[in-house]
Amino acid sequence: MAATTSQASLLLQKQLRDLAKHPVDGFSAGLVDDSNVFEWQVTIIGPPDTLYDGGYFNAIMSFPQNYPNSPPSVRFTSEMWHPNVYPDGRVCISILHPPGEDPNGYELASERWTPVHTVESIVLSIISMLSSPNDESPANIEAAKEWREKRDEFKKKVRRIVRKSQEML
């Protein structure tokens, strides 16, 4: 296990250095605590031309000791109203689900986690999720229902959380 942990640590340090050298539009990332490479603070900027445009949303990305063989978990610490984000802030997208066949049969194995994913590809997938919610298998049933049936109310809630995120700067 120690060898796996050190490999994971080296890989995460490399990904952090790469992001520092070559920042990616739409987000910033760094360690929550310099002594723990397994927990990252990520700020996602709401994608242009979406309901989340202009928002600044913070999240914690927690990596398992056997990364990249298993996916990290991502949880928004900023308020978020989205069909694919649980009420407690956990992000629910296919690439964050463990590798292999979906026991519920909703996802193909090819849609789930694979070790080729990086912090960058994960965050870009989350940005894509903000751009186009998937209400077919929602994490937040109420948000999905509102997205489908009461779009104006959904937009109003999202505008409020965007404003709130801007005030937190």
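Keep in mind that this is a model prediction, so the values were computed, not measured.

### Let's talk about the sheet that holds strand β3 (residues 56–62)
Argument step 1. The 4 strands lie next to each other as β1-β2-β3-β4, forming an open sheet whose pairing is antiparallel. Two strands lie at the open edges of the sheet, namely β1 (27–33) and β4 (73–76), each paired on one side alone. With direction set aside, neighbouring strand axes in the sheet form an average angle of 30°.
Argument step 2. Along the sheet, helix α2 (residues 119–131) makes contact with β1, β2 (36–45), β3 and β4, crossing β2 at roughly 35°.

### With respect to the UniProt feature "domain: UBC core" (unreviewed entry) in the protein chain
Argument step 1. UniProt's feature table lists "domain: UBC core" (unreviewed entry) at residues 7–167, given in the numbering used throughout.
Argument step 2. Helix makes up 34% of residues 7–167 and strand makes up 17%, while its end C-alpha atoms are separated by 40 Å.

### A few points about unusual backbone geometry
Argument step 1. Tyr 67 connects to Pro 68 through a cis peptide bond whose omega is 10°.
Argument step 2. Within the secondary structure layout, Pro 68 lies in the loop between β3 and β4.

### Here's the deal with a nonpolar patch on the surface
Argument step 1. Together, Ile 45, Tyr 56 and Leu 169 make up an exposed nonpolar region whose accessible area comes to about 290 Å².
Argument step 2. Relative to the helices and strands, Leu 169 resides in the segment after α4 (151–167).
Argument step 3. For Leu 169, a relative accessible area of 70% translates into the label exposed.

Reading the values: rules and limits
Residues numbered from 1 in each chain as written. Predicted model: local features only at pLDDT ≥ 70, side-chain atom pairs only at ≥ 80, totals over all residues. Heavy atoms only, no water. Pairing = 2+ DSSP bridges. Helix = DSSP H or I, 4+ residues; strand = E, 2+ residues; numbered from the N terminus. Axes fitted to C-alpha atoms, helices over the stretch in contact; angles between N-to-C directions. Contact = heavy atoms within 4.5 Å. UniProt positions renumbered as here; feature names shortened; annotations may be inferred. Patch = residues over 30% accessible without salt bridge, like charges linked within 9 Å, V, L, I, M, F, W, Y side chains within 5 Å. Areas by Shrake-Rupley, 256 points an atom, 1.4 Å probe, with all protein chains shown as cover. Salt bridge = Lys/Arg side-chain N within 4 Å of Asp/Glu carboxyl O. Buried < 20%, exposed > 50% of the residue type's maximum accessible area, 1.4 Å probe, protein only.

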